Amino acid sequence: MMDKVGTTFAGGINVTIKFDNASAALEASLDLRLQRQALLTANLTNIDTPNYRPVDLKFQGFLTEAADGSPTSKEAHEIMTMTEGVETLDGNGVDLDTQLVKLSDNATRYNVQLELMRRQLAILRYAAGMGSGG
Amino acid sequence: MSLLKSMDIVASGLHAQRVRLNLISSNLANANTTRTKEGGPYRRLDPVFTAVSTGDASNEFEAALKRVQVDAIKPDPTPFAEVYDPSHPDADPTTGIVAMPNVNIMEEMVNMVTATRSYEANVTAFEALKQMAMKAMEIGR
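For clarity, every value in this text was computed on a predicted model and none was experimentally measured. (Residues numbered from 1 in each chain as written. Chains lettered and ligands numbered in written order. Predicted model: local features only at pLDDT ≥ 70, side-chain atom pairs only at ≥ 80, totals over all residues. Heavy atoms only, no water.)

A. Quick peek at the overall build of chain A. Counting its secondary structure elements, chain A contains 3 helices and 4 strands. Here chain A holds 134 residues, and 40% of them are scored as buried. Excluding contacts between residues fewer than 6 apart, the proportion of contacts in chain A whose partners are at least 24 apart in sequence is 65%. For chain A, the computed accessible surface area is about 7,900 Å², with 57% contributed by carbon and sulfur atoms. (Helix = DSSP H or I, 4+ residues; strand = E, 2+ residues; numbered from the N terminus. Buried < 20%, exposed > 50% of the residue type's maximum accessible area, 1.4 Å probe, protein only. Contact = heavy atoms within 4.5 Å. Areas by Shrake-Rupley, 256 points an atom, 1.4 Å probe, with all protein chains shown as cover.)

B. Region of interest: the interface of chain A and chain B. Each partner contributes residues to the interface: chain A has 29 residues there, and chain B has 34 residues. Carbon and sulfur atoms supply 68% of the area that chain A and chain B bury against each other, a total of about 2,700 Å² over both sides. Counting across the interface, chain A meets chain B through 2 salt bridges. Residue K135 of chain B is joined to E115 of chain A by a salt bridge in which the shortest nitrogen-to-oxygen separation is 3.1 Å. Across the chain A-chain B interface, the total number found is 6 residue pairs in polar contact (both at pLDDT 80 or more). Of all the elements in the fold, those that place two or more residues in the side of chain A that touches chain B are α1 (19-45) and α3 (96-128) of chain A. Per-element tally for the side of chain A that touches chain B: the top contributor is α3 of chain A, with 12 residues. (Buried area = accessible area lost by both parts, 1.4 Å probe. Salt bridge = Lys/Arg side-chain N within 4 Å of Asp/Glu carboxyl O. Polar contact = N/O pair within 3.5 Å; in protein donor to acceptor, adjacent residues only side chain to side chain.)

C. Representation of the nonpolar core. Among the nonpolar cores identified, the biggest contains 18 residues, and L103 and Y110 of chain A together with M132 of chain B are the most heavily contacted of them. Not counting the four nearest positions on each side in its chain, L103 of chain A is found in contact with Q37, L40, T41 and L44 of chain A together with T124, A125 and A128 of chain B. (Core = buried A, V, L, I, M, F, W, Y, C linked by side-chain atoms within 4.5 Å.)

The quantities given are spatial measurements derived from coordinates; they are silent on function.
What follows is the structure in structure tokens.
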């Protein structure tokens, strides 16, 4: 009778696959990456709007919290308005290069995390098929 | 869905930059126009952009998320260029001076390059969003 999903290897270490924990962290992270992408997109869109200040999402603390498996809350992130840095004569603070780097960085991280999630589901599928490949 | 909303924002940016490019074309095309419906020479036009929140202001995220909107198309108040050309049909008969449009070709060209770059930045943002959406669809495969 098995009371818990896991495998005991020869060394006696019990390896439990915590799908739910990892998925929750990934899911929360993906969600925030998407929100950040929206904000960075809005910055690029407003590159010629007078007095527009670029915004960004700060969520490092939130990610650690999610990875710990503690309850996640969407309020943990922080929207920051950049007040310093370059500014054109019309008071616009969007720097094209900085924003483009942030945009592609965020998109790449999102894609990597999606790939992780995809592989995690593939492992689950493999296990569900008892190793027969799905 | 956030991705689709972002795409709407990009669309607003593309639209605004296109309006701007159209106005630049109009300014360049009318660089020598001395007669208009309103009377007098052509006055160059400029778009005025404003940032507009995409959702209700009580939501912090939606309030920070802004699309761009062409608020107005404003005529440039700078004075017309005065050129001495007595043979011009619109020249003042006594002084021989013609009022020419306040369009500066160099200024318009620089504006055109900036507008094109901004348009391209929006296209880049759109490409990134599209790629993310395509990748998200692969998740169940």
